[in-house]
Amino acid sequence: EAITSFAAMRQANLRPNTITYTATVGSCKEWRRALVLLATMGCVAVELDPISCNSAIVACERGSRWQRALAVFVAMARTKVNPDGSSSYSM
């Protein structure tokens, strides 16, 4: 449902923000979609935050993709997103 709402926002020319992206990433049951959304955030100049990254990490873990989860965690430092306690716990 969040993905559908997100798509409807974009079709209506409404600009999703960090909160919208984070909620949508968090709702993803498929790790690939979560990573695509996370990457899109950077491409459209929406600020990444620890919550959006943690949501992507959790999606990767649900898909048994620990290497991808670790890559998101490592990328947080490169993009100057400070991991929080949830980031470390998720790993």
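Residues numbered from 1 in each chain as written. Predicted model: local features only at pLDDT ≥ 70, side-chain atom pairs only at ≥ 80, totals over all residues. Heavy atoms only, no water.

J.: Residues and numbers for the overall build of the chain, please.
T.: Of the regular secondary structure elements, the chain holds six helices and zero strands. Starting at the N terminus, the α and β elements of the chain follow one another as α-α-α-α-α-α. Scaling as 2.2 N^0.38, a compact globule of 91 residues should have a C-alpha radius of gyration of about 12 Å, and the chain matches this with 12 Å. Summarising its shape, the C-alpha atoms of the chain cover approximately 35 × 25 × 20 Å along the three principal directions. Put simply, the chain has 91 residues, and 34% of those count as buried. (Helix = DSSP H or I, 4+ residues; strand = E, 2+ residues; numbered from the N terminus. Rg over C-alpha atoms; globule rule 2.2 N^0.38 Å. Buried < 20%, exposed > 50% of the residue type's maximum accessible area, 1.4 Å probe, protein only.)

J.: Tell me what's going on with the packing of aromatic side chains, and back it up with residues and numbers.
T.: One pass over the full model with this rule turns up one aromatic pair. Between F6 and Y21, the aromatic rings sit 4.9 Å apart at their centres with planes inclined by 70°, giving edge-to-face as the arrangement. With a gap of 15 residues between them, F6 in helix α1 (residues 2-11) and Y21 in helix α2 (residues 18-27) connect regions that are remote in the sequence. We note that F6, like Y21, is buried. (Phe/Tyr/Trp six-rings, centres within 6.5 Å; stacked < 30°, edge-to-face > 60°.)

J.: Describe the layout of surface pockets, listing the residues and the values that go with them.
T.: By volume, the largest pocket is sized at about 150 Å³. Taken together, L35, L38, A39, G42, L48, C53, V72, A75, M76 and T79 make up the full set of residues lining the largest pocket. Elements supplying a minimum of two residues to the lining of the largest pocket: α3 (31-43) and α5 (66-78). Of the residues forming the lining of the largest pocket, the biggest block, four residues, is contributed by α3. Looking at the lining of the largest pocket residue by residue, the class counts come to eight nonpolar, two polar and no charged. (1 Å grid on protein atoms, 1.4 Å probe; cavity = no way out; pocket = protein on both sides within 12 Å on 5 of 7 lines; lining within 4 Å. Points joined across faces, edges and corners; volume = space filled by probe spheres on them. Nonpolar A, V, L, I, M, F, W, Y, C, P; charged D, E, K, R; others polar.)

J.: How would you summarise α2 if you had to cite specific residues and measurements?
T.: When we look at burial in α2, the residues that qualify are T18, T20, Y21, T22, T24 and V25. In the core, the buried residues of α2 are packed alongside α1, α3 and α4 (50-62). The backbone nitrogen of I19 lies 3.1 Å from a side-chain oxygen of the residue at the head of α2, namely N17. (Contact = heavy atoms within 4.5 Å. Polar contact = N/O pair within 3.5 Å; in protein donor to acceptor, adjacent residues only side chain to side chain.)

J.: Quick one: what's the story with α3, residue by residue and with numbers?
T.: Compared with the 18 Å implied by 1.5 Å per residue over 13 residues, the 19 Å span of α3 between its first and last C-alpha is a close match. For α3, the complete set of buried residues consists of W31, A34, L35, L37, L38 and M41. In a view along the axis of α3, the buried residues occupy a sector of 160°, so they form one face of it. Across from the buried face of α3, at angles greater than 90 degrees, the exposed residues are V36 and C43. Its side-chain oxygen placed 3.0 Å from the backbone nitrogen of R32, E30 serves as the N-cap of α3. Backbone geometry just downstream of α3 places A45 in the positive-phi region, at approximately 60°. (Expected span 1.5 Å × (residues − 1). Arc of directions from axis to C-beta.)

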